[in-house]
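Examination of the molecular architecture
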Amino acid sequence: MKAAVLHANNQPLQIEEVPRPTLKPNHLLLRVLACGVCRTDLHIYEGDIPLIHQPLILGHQIVGEVIEGATTERPAGTRVGVSWIGGTDGACPFCLRNEENLCDDPTFTGYTVNGGYAEYALVRSDFTFPLPVTLDNTHVAPLLCAGIIGFRSLRVAGTQPGERVGLFGFGASASQAIEVLRHWNCDVFVSTRGQSHRDQAAQLGATWIGTEDDKPPVELDRAITFAPSGAVVLSALGSLRKGGVVAINAIHLDQMPAFDYDKLLWGERQIRSVANMTRKDATDYLELAAEIGIKPQAQVFSLDQANEALQAVKNETANGPVVILP
Ligand SMILES: [Zn+2]
Ligand SMILES: [Zn+2]
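In what follows, the accompanying structure is described.

Here is what the cut-offs are and how they apply
- Residues numbered from 1 in each chain as written.
- Chains lettered and ligands numbered in written order.
- Predicted model: local features only at pLDDT ≥ 70, side-chain atom pairs only at ≥ 80, totals over all residues.
- Heavy atoms only, no water.
- Donors = N, O, S within 2.8 Å, 3.2 Å for Na, K, Ca; no water.
- Helix = DSSP H or I, 4+ residues; strand = E, 2+ residues; numbered from the N terminus.
- Buried < 20%, exposed > 50% of the residue type's maximum accessible area, 1.4 Å probe, protein only.
- Polar contact = N/O pair within 3.5 Å; in protein donor to acceptor, adjacent residues only side chain to side chain.
- Contact = heavy atoms within 4.5 Å.

1. Focus: the coordination of the zinc ion (ligand 2)
In a perfect tetrahedron of four donors around a metal, the angles come out at 109.5 degrees. In a perfect octahedron of six, they are 90 or 180 degrees. Around the zinc ion (ligand 2), the protein contributes the donor atoms Cys38 (SG), His60 (NE2) and Cys145 (SG), at 2.0 to 2.2 Å from the metal centre. Sequence positions of the residues that donate to the zinc ion (ligand 2) give the spacing C-x21-H-x84-C. With Cys38 in the loop between β3 (27-37) and α1 (39-46) and Cys145 in the loop between α3 (137-140) and α4 (146-156), this residue pair connects regions lying 107 residues apart in the sequence. Looking at Cys38, the relative accessible area reads 12%, which means it is buried. According to the relative accessible area criterion, Cys145 is buried, its value standing at 6%.

2. With respect to the side chain of Thr128
Here Thr128 is to be found in strand β9 (residues 128-130). The class for Thr128 is buried, based on a relative accessible area of 3%. Reaching out from Thr128, the side chain makes a polar contact with the side chain of Arg74 at a distance of 2.8 Å. Side-chain polar atoms of Thr128 contact the backbone oxygen of Ser125, separated by 2.7 Å. If we skip the residues at most four places from it in the chain, Thr128 touches Leu28, Arg74, Val80, Gly81, Val82 and Val123.

See below:
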């Protein structure tokens, strides 16, 4: 099969022929119909997240069609989604506490196992999700990590209907989170660089929009940060009311600067990281996204253009989320 293969950090992905994966028990072989490109792919590519094995096929927002390994729940030809959480041990203390996102021995799609920048992908059957029929392959792919993690971030922040919520950064994840927040009648305050992101936030119903250095004009109940920047986390923290929560939707931060506890964290304000997702986050979000009609307008690249797709995420030059169609 054709695949875009990462051989070493910061070396261009090689578009090459590799053996098609062989079916294993409890797995499905999928023909990849679309694969979203996530900022985490870029962190792996650039070595911010250490490369565990190489060569590696990146990609963890896979829309695929069941080719082999079909079950009664996932018959041949079914269209399914695959996300970052590609498996858990089901036995560690975290799995037993229904916190499988924190599993001690997890499998991550496109990181600890090969992902979807390829014509075929081998995935664990019980970590695939049925997809809403209303969404085509290109539109549904960005829901599978950007959307689900954005949704989990809103949950981790403890977001309640009608609250004032800040979104710091406005890429693929935030542009879906705002649609959920508007559905919950929340007022949304967006701080972001880039005029195109500010225009998009306005179209999607933000109450207030500022540049990355502007402070929202009111105290926020919740704030979600999307940029891989500790300074942004502090801006978000400085915008909270007493008892408010910042949820960090980023797998990697440049650094966490020292900050003034008395001014920024005192008053029972909280900072929380958002780690991975559970299968329940995925199924709940996919249902909600179908109900609301979330349909991100993605920019499409071919598998041969996988390097250009990664650069588009890096430089934020894409018009919306980036999706590879093999
Ligand atoms: Zn576990
Ligand atoms: Zn991701």
